[in-house]
Amino acid sequence: MCRAPAQQATQAPQAIQHVRQFSYTTELLAARTVVFTCLLYGCLNIVQPICAVTCGTYGKIVWVTARGLVDVRIFVLAHDAMHGALSRYSEVNTWVGKVAGALVYVPYDKWRWQHLHHHVVSGKADITEIDHGATTYWTKQQWVSFSPRKRFLLRLIRDPFVFFSIVPAFVFFLFFRVPRLRKSSRPNRVTGVAFTNWFKLTELCLGTWLLGWPWLWWSVTATSIATSLGFALFHLQHHVNQAYRKATAQHNRTDAALLGSTYLKVPACLKWVTLGIEYHHIHHLSTQVPCYRLQECHESAPAGCWDDVTVVGLTSAFRSMFNVMWNEDTQLFEAFQEHEKLLQWLLPDLA
């Protein structure tokens, strides 16, 4: 069963003190992380024509899956650089972030602003602006008040089977291609989108010329898989019961990190993909803990340090993927009614 929402993190002082010890960079570890990522990306692209000719359908499946996982790693690397946590040199962070972001269709400057805003508003229940890190967008009370037509459209788009398959590709391939042209838009966000579009178009054209058309289709398919995995990671970082939602006046950043961010149990064989992003409670406590220190920070913590944190295993992750709205009365996330019935039948102890 879902735990009752906690009101305040009991281990906050201890957690803050522990995390502070890991909030520093090491250039050698940063270089190793970047170089290994480059080798993975480069080697996969080089062997693609061989897989296409000699390995048939199974080779394609293996290559596309591996490349999709590497794309997730590249995105996490860009995320770390965007926070200035990868290296102590701002120029290194900026250019690693720009290039890594462009490789996975993400405009660094535009997404950086959106993501930093997410860290400011995460866990605040009464904000009117969009939290770009959120994957639930209305409360149950709002849902009841929507017109039948609006509910139909939102039900169609936010259905988990659509939201985690079609919507991610739309956001990465189309939404990120267009700058936000407003008077308040900073020039670097507009030029950042242009740089990303130019860089990715150049890579796709050069790769197609050197490796052939199959490489292009395989690459786009792999990135589509990566975008879906990325959306799933976004969702599981903050939209699992128990959760944390408070009005701004009562909001506490540390409580939001420990009670509203999760620890996602990733198999050891996939940790090279996630680069520590599964320790999201640590990341929201301090964005300056580099990706290459997150696991050590988590595992070396004193006993009881993470007692407040919601741990997400395979079963709870599956159940949480259906969470689509926040219930202000119960202070819990809920699924659409028909999905709730399905989950009660499949997972009676968790639904």
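Use the structure listed above.
Residues numbered from 1 in each chain as written. Predicted model: local features only at pLDDT ≥ 70, side-chain atom pairs only at ≥ 80, totals over all residues. Heavy atoms only, no water.

For the rest of this paragraph, the subject is the nonpolar core. Formed by 56 residues in total, the largest nonpolar core has its most connected members in Leu86 and Phe231. Every element with two or more residues in this core is listed here: helix H2 (27–54), helix H3 (56–82), helix H4 (90–103), helix H5 (108–121), helix H9 (166–173) and helix H11 (213–238). If we skip the residues at most four places from it in the chain, phenylalanine 231 touches Thr135, Phe163, Phe164, Val167, Pro168, Val171 and Phe172. Within the second largest apolar cluster, 21 residues are counted, among which are Val19, Tyr244, Tyr263 and Leu294. (Core = buried A, V, L, I, M, F, W, Y, C linked by side-chain atoms within 4.5 Å. Buried < 20%, exposed > 50% of the residue type's maximum accessible area, 1.4 Å probe, protein only. Helix = DSSP H or I, 4+ residues; strand = E, 2+ residues; numbered from the N terminus. Contact = heavy atoms within 4.5 Å.)

Inspection of the entire model under this criterion finds 23 aromatic pairs. Centroid distance tryptophan 138 to tryptophan 143: 5.5 Å. Interplanar angle 15°. Geometry classified as stacked. Pair check on accessibility: tryptophan 138 and tryptophan 143 agree, each one buried. Between phenylalanine 318 and phenylalanine 322, the ring centres sit 5.4 Å apart and the planes meet at 75°, which makes this aromatic pair edge-to-face. For phenylalanine 318, a relative accessible area of 40% puts it in the partly exposed group. An aromatic cluster of three or more residues is present, and its members are Phe75, Trp111, Tyr137, Phe163, Phe164, Phe172, Phe175, Phe176, Phe231 and Phe234. Over the face of the ring belonging to tryptophan 95 we find lysine 98, whose NZ or CZ atom lies 6.0 Å from the ring centre. If you follow arginine 158 out to its NZ or CZ, it ends over the ring of phenylalanine 163, 4.0 Å from the centre. (Phe/Tyr/Trp six-rings, centres within 6.5 Å; stacked < 30°, edge-to-face > 60°. Lys NZ or Arg CZ within 6 Å of the ring centre and 35° of its normal.)

In this section: the packing of H3 against H5. For the pair H3 and H5, interaxial distance at closest approach is 10 Å and the crossing angle is 70°. With respect to their mutual orientation, H3 and H5 come out roughly perpendicular. Together, Phe75, His79, Ala81 and Met82 of H3 and Tyr108, Trp111, Arg112, His115 and Leu116 of H5 make up the contact between the two elements. (Axes fitted to C-alpha atoms, helices over the stretch in contact; angles between N-to-C directions. Parallel < 35°, antiparallel > 145°, perpendicular 65-115°, else oblique.)

Moving on, we get to the packing of H2 against H3. Here H2 crosses H3 at 160°, and the two axes come no closer than 10 Å. Here H3 runs roughly antiparallel to H2, going by the angle between their axes. Every pair of crossing elements has a handedness; the one defined by H2 and H3 is left-handed. For the pair H2 and H3, the contacting residues are Thr33, Val34, Phe36, Thr37, Leu40, Tyr41, Leu44, Asn45, Val47, Gln48, Cys51 and Thr54 in the first and Gly56, Gly59, Trp63, Ala66, Arg67, Val70, Asp71, Arg73, Ile74 and Leu77 in the second. In terms of residue class, the contact of H2 with H3 is built from 12 nonpolar, seven polar and three charged. (Left-handed = near helix turned anticlockwise from the far one by under 90°. Nonpolar A, V, L, I, M, F, W, Y, C, P; charged D, E, K, R; others polar.)

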